[in-house]
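Spelled out from the first residue to the last, the chains are:
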Amino acid sequence: MDVFVCLDDRNGMLFNHRRQSRDREVIQDMLDSLDGKPLYIRPYSQVLFQGREEAVRVVKEFWETALVEKACFIEDLPLAPFAGEIRTLTVYRWNRRYPADVFLDVDLSGWRRVSCWEFPGHSHETITKEVYCP
């Protein structure tokens, strides 16, 4: 499975049940990297993909579908129970520290970072994109 997440500098994902940030350039980069394949998302993330509905599949039974379909965006779920199923983990970093109460629950120190580059975002001057493999 290929997983996409957005994190702050402390691996924060959410604060008080709200996403920390959104950026349309990140969304476009995610979709571009899939070469036309659908991205599976939860209903919570649907607002981020308005106007791009043809590129995503919104599913309530998320893990059952994502494990089979192979490309998903996670904002509000733990990843650790499914870490063994992850083929690539793409992390978009905001390069900021935001308040957070939900953090990525996968320790990336044992993973291999295979690429890292920066690009200009819409809401953030610089977004860092890191791709990890187990």
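Anyway, here's the lowdown on the structure attached to this text. (Residues numbered from 1 in each chain as written. Predicted model: local features only at pLDDT ≥ 70, side-chain atom pairs only at ≥ 80, totals over all residues. Heavy atoms only, no water.)

### Quick look at the overall build of the protein chain
Operational definition: Runs of H or I in DSSP of at least four residues are treated as helices and runs of E of at least two as strands, each being numbered from the N terminus. Only C-alpha atoms enter the radius of gyration, while the globule expectation follows 2.2 Å times N to the 0.38, with N the number of residues. Accessible area is worked out with a 1.4 Å probe on protein chains only. A residue is then buried under 20% of its type maximum, exposed over 50%, and partly exposed in between. Only the protein chains shown count as covering a residue, and every accessible area follows the Shrake-Rupley method with a 1.4 Å probe. His is not counted here, nor are the chain ends, while Lys and Arg score as positive and Asp and Glu score as negative. Charge placement uses NZ in Lys and CZ in Arg. For Asp and Glu, CG and CD serve respectively.
Along the backbone of the protein chain there are two helices and ten strands. Starting at the N terminus and ending at the C terminus, the protein chain contains elements arranged as β-β-β-α-β-β-α-β-β-β-β-β. The globule rule puts the C-alpha radius of gyration for 134 residues at 14 Å, and the 14 Å found for the protein chain is close to it. Considering only C-alpha atoms, the protein chain reaches an extent of 35 × 30 × 30 Å along its principal axes. Going through the 134 residues of the protein chain one by one, you find that 47% of them count as buried. For the protein chain, the computed accessible surface area is about 7,100 Å², with 47% contributed by carbon and sulfur atoms. Averaging the locations of the 18 positively and 22 negatively charged side chains of the protein chain gives two centres separated by 1 Å.

### Remarks on the packing of aromatic side chains
Test applied: In this scheme Phe, Tyr and Trp rings, the latter by its six-membered ring, pair at centre separations within 6.5 Å, and the angle between planes marks the pair as stacked below 30 degrees, edge-to-face above 60, and tilted otherwise. We call a charge positioned above a ring when the Lys NZ or Arg CZ atom is no farther than 6 Å from the ring centre and deviates by at most 35 degrees from the ring normal.
A complete count under the given rule lists two aromatic pairs for this structure. Look at Phe49 and Phe73: their rings are 6.0 Å apart centre to centre, the planes differ by 70°, and that puts the pair in the edge-to-face class. Placement of Phe49 in the loop between β4 (39-41) and β5 (56-58) and of Phe73 in strand β6 (residues 71-73) is noted, with a sequence separation of 24 residues between them. In terms of burial, Phe49 and Phe73 fall into one category: buried. The ring of Tyr44 is capped by Arg19, whose NZ or CZ atom sits 4.5 Å from the centre of that ring.

### Describing the side chain of Asp29
Applicable threshold: Think of a polar contact as two N or O atoms within 3.5 Å of one another; within protein, one of them needs to be a possible hydrogen donor and the other a possible acceptor, and neighboring residues in sequence only count if both atoms come from side chains.
As for its placement among the helices and strands, Asp29 is situated in helix α1 (residues 24-33). Look at Asp29 and you get buried, because its relative accessible area is 19%. In this structure the side chain of Asp29 is engaged in a polar contact, spanning 2.6 Å, whose partner is the side chain of Lys129.

### A few points about the sheet that holds strand β8 (residues 102-103)
Just so we agree on the cut-off: DSSP bridges decide pairing: two strands pair if at least two such bridges lie between them.
One open sheet holds the three strands; their spatial order is β3-β2-β8, and the pairing between them is antiparallel. Each edge of the open sheet carries a strand with a single partner, namely β3 (18-19) and β8. Bridge analysis of strand β2 (residues 12-15) against β3 gives two bridges, and the strand direction is antiparallel. Residue Leu14 lies in a different strand from β3, and its bridge partner there is Arg19.

### Details of the pairing of strand β10 (residues 127-133)
Summarising burial for β10: seven of the seven residues are buried, a large majority. Where strand β7 (residues 88-93) lies against β10, five bridges are found, and the strand directions are antiparallel. When the bridges of β10 are listed, Thr90 appears paired with Val131.

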